[in-house]
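Inside the fold
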Amino acid sequence: MNKIRILFASLSGSVIEWYDFYLYGTATGLVFSFLFFPSHDPAVGLLLSFATFGIGYAARPIGSIIFGHFGDKMGRKAALIFTLIGMGGSSFLIGLLPTYEQIGIWAPIILVLLRLIQGISLGGEWGGAVLLATEYAPKGLRGLYGSIPQLGVPIGLVLGSLSLTVISYFTSDTQFLAWGWRIPFLFSVVLIGLALWIRSGIEETPAFKQQKEAGAIAKIPFLETFKTNWKSVLHAIGLKIGDGFFNVFLMSFILSYSTVYLGYSNQVALTALTIGCATMIITIPVVGYLSDYIGRKLIYIVGLILLFILSIPYFSLVDEGASWLYIMQGVMLGIIWASIFATQGTLFSELFPAKVRYTGLSFGYQVAAAIVGFGPMIWTTMAESFGPSPWVFGGFMMGGIILSLILSLLVPDTRKRSLYDHHIETAENNFSIKM
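Cut-offs and rules
Residues numbered from 1 in each chain as written. Predicted model: local features only at pLDDT ≥ 70, side-chain atom pairs only at ≥ 80, totals over all residues. Heavy atoms only, no water. UniProt positions renumbered as here; feature names shortened; annotations may be inferred. Helix = DSSP H or I, 4+ residues; strand = E, 2+ residues; numbered from the N terminus. Rg over C-alpha atoms; globule rule 2.2 N^0.38 Å. Buried < 20%, exposed > 50% of the residue type's maximum accessible area, 1.4 Å probe, protein only. Contact = heavy atoms within 4.5 Å. Lys, Arg positive; Asp, Glu negative; His and termini not counted. Charge placed at Lys NZ, Arg CZ, Asp CG, Glu CD. Salt bridge = Lys/Arg side-chain N within 4 Å of Asp/Glu carboxyl O. pLDDT = per-residue confidence, 0-100. Phe/Tyr/Trp six-rings, centres within 6.5 Å; stacked < 30°, edge-to-face > 60°. Core = buried A, V, L, I, M, F, W, Y, C linked by side-chain atoms within 4.5 Å. Bend = angle between axes of the 7 residues up to and from the residue. Axes fitted to C-alpha atoms, helices over the stretch in contact; angles between N-to-C directions. Parallel < 35°, antiparallel > 145°, perpendicular 65-115°, else oblique. Left-handed = near helix turned anticlockwise from the far one by under 90°. Nonpolar A, V, L, I, M, F, W, Y, C, P; charged D, E, K, R; others polar.

As annotated in an unreviewed UniProt entry, the chain carries the name MFS transporter and comes from Aeribacillus composti. Quoted verbatim from the Subcellular location (unreviewed entry) field of UniProt, the annotation for the chain is "Cell membrane".

Listed below in structure tokens is the structure:
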């Protein structure tokens, strides 16, 4: 199997999934709070619109169970085809959805349902894309290969935010709210066709083929995951929560925070986000490659420590001017958080044996994502109560990072583990004894 096509297959779907998912997040503060959740109090409309954003995150564990089941029983490829259709299709329909003014209460109801489909689909996409890359990776390059689908996050977000930025430049505020915001959502159908073509030409991964030939397919992957690998699930959840809150803030809520509470224009906010994501595109593969030599654990710990140290300075400096907003987004999102994220897919996949890897990897990651997905609702309330206080917001971030930092010290460096069961089960048993 052509390794380049494998990497494109894992990346292309990931780009589209995150393009669609974060396009919604970008539009939440700029569009949906006005068109689908009208209110006399802007803060209430913003809070309601971010509630639907959080619902998409809350649905992701459901998707991890559904598609994890199919991925561990039927294969990674089959599950990834369905996640792609669900994600892109729902985004396309959002682009056609009438507003509250046109159909009343049905507008936010349908929007929430489509957001649920988005969340469920993404809940199964990320884990499958990571496994497609890592289970095909050559010896000694699993960190690099596992970082490639992670590129879908910055590339997808750059495409989403850039499309909205370009449209906002060429339309008036009235035109943008009337029809301009719909164009990026409708464009999803083109991306879906391209990704389906790429993924249709790949085969199942060697690790899954081995499981199937050996008759070692889990009957009920979700139950078996918690019977044999519940500690790894808890580790994945805890490891993700700390950087996860910062991730959601840096890649979504920053748009509302910087425009509503700091007074920046939409163009400045979107440009800062684009700068951070563009930097990630360089950082992620470089750090992924380095993790094959110096280990995922060391990178993870250093990244969390830097996030902790810079939490309060970040919130202090972004209020000092657009230049500082650009710089801090580039540093915090594009370098520090990107370094952590580059290792996550590979690190988490190495915690589970092949027969429950899709389920375990996806569920652990997506439960944490569901928790941090409600961050925007919390932060909106915090901002209304305390204003954009660096101590309040920075302190909040530091609390989550401490949890992840403690767990990162307990989890072993997994870069030398095999992704085939007869090796990894021994490693898991030894780790359980140590714990």
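**Quick word on the overall build of the chain**
From N to C terminus, the chain includes 21 helices and 0 strands. The C-alpha radius of gyration of the chain comes to 21 Å, within 12% of the 22 Å expected for a compact globule of 435 residues. For the chain, the spread of C-alpha atoms along the three principal axes comes to 60 × 45 × 35 Å. When the 435 residues of the chain are sorted by exposure, 60% land in the buried category. Long-range pairs, those at least 24 residues apart, make up 86% of the contacts in the chain between residues at least 6 apart in sequence. One finds the centroid of the 25 positive side-chain charges in the chain at a distance of 11 Å from the centroid of its 22 negative side-chain charges.

**A look at the pattern of salt bridges**
Per the stated rule, a full pass over the model turns up 10 salt bridges. Here Glu 350 ties to Arg 142 by a salt bridge, and the two come within 2.7 Å at their closest N and O atoms. Residue Glu 350 is found in the loop between helix 17 (322–349) and helix 18 (357–372), and its partner Arg 142 is found in helix 7 (residues 142–147); the two are separated by 208 residues along the sequence. Across the pair, Arg 142 and Glu 350 agree in class, each one buried. One salt bridge in this structure joins Glu 224 and Lys 355, with 3.0 Å as the shortest N-O distance. In this pair, Glu 224 is assigned in helix 13 (residues 221–228) and Lys 355 in the loop between helix 17 and helix 18, connecting sequence segments 131 residues apart. Through salt bridges that share partners, Asp 72, Arg 76, Glu 135 and Arg 357 make up one connected network.

**Here's the deal with the confidence of the model for the chain**
The share of residues in the chain with pLDDT of 70 or more is 92%, and the mean pLDDT across the chain is 85. Across the chain, the secondary-structure element scoring lowest on mean pLDDT is helix 21 (residues 421–434), at 39, and the one scoring highest is helix 16 (residues 296–317), at 95. Note that residues 422–435 has pLDDT below 50 and, in this model, 23 contacts with residues that lie over four places away or in other chains.

**As for the packing of aromatic side chains**
Enumeration according to the criterion identifies 27 aromatic pairs in this entry. An angle of 70° between the planes, with centres 6.3 Å apart, marks the rings of Phe 245 and Trp 379 as edge-to-face. One end of the pair, Phe 245, is in helix 14 (residues 230–261); the other, Trp 379, is in helix 19 (residues 375–386), with 134 residues separating them in the sequence. For Trp 379, a relative accessible area of 0% translates into the label buried.

**A word on the nonpolar core**
Within the largest apolar cluster, 115 residues are counted, with the highest numbers of intra-cluster contacts made by Phe 32, Phe 249, Tyr 257 and Tyr 314. With sequence-adjacent residues up to four places away left out, Tyr 314 is seen in contact with Phe 246, Phe 249, Leu 250, Ile 254, Met 328, Gln 329 and Met 332.

**Thoughts on helix 14**
At Phe 253, helix 14 shows its maximal kink, close to 65°. Helix 14 sits mainly inside the fold: 28 of its 32 residues count as buried. Of the residues trailing helix 14, Gly 263 is marked for its positive phi of about 85°.

**Some words on the packing of helix 16 against helix 17**
Two quantities define a packed helix pair, namely the angle between the axes and the distance from one axis to the other. Running from N to C, helix 16 and helix 17 point in directions that differ by 155°, and their axes come no closer than 10 Å. As far as their axial angle goes, helix 17 and helix 16 are roughly antiparallel. Where helix 16 crosses over helix 17, the handedness of that crossing is left-handed.

**Quick look at the packing of helix 4 (residues 76–96) against helix 6 (residues 106–134)**
The N-to-C vectors of helix 4 and helix 6 enclose an angle of 150°; their axes lie 8 Å apart at closest approach. By the angle between their directions, the pair helix 4 and helix 6 is classed as roughly antiparallel. Helix 4 and helix 6 meet at a crossing whose hand is left-handed. Facing helix 4, whose interface residues are Arg 76, Leu 80, Thr 83, Gly 86, Met 87, Ser 90, Ser 91, Leu 93 and Ile 94, helix 6 presents Leu 111, Leu 114, Ile 117, Gln 118, Ser 121, Leu 122, Gly 124, Glu 125, Gly 128, Ala 129, Leu 131 and Leu 132. Residues belonging to the contact of helix 4 with helix 6 are distributed by class as follows: 11 nonpolar, 8 polar and 2 charged.

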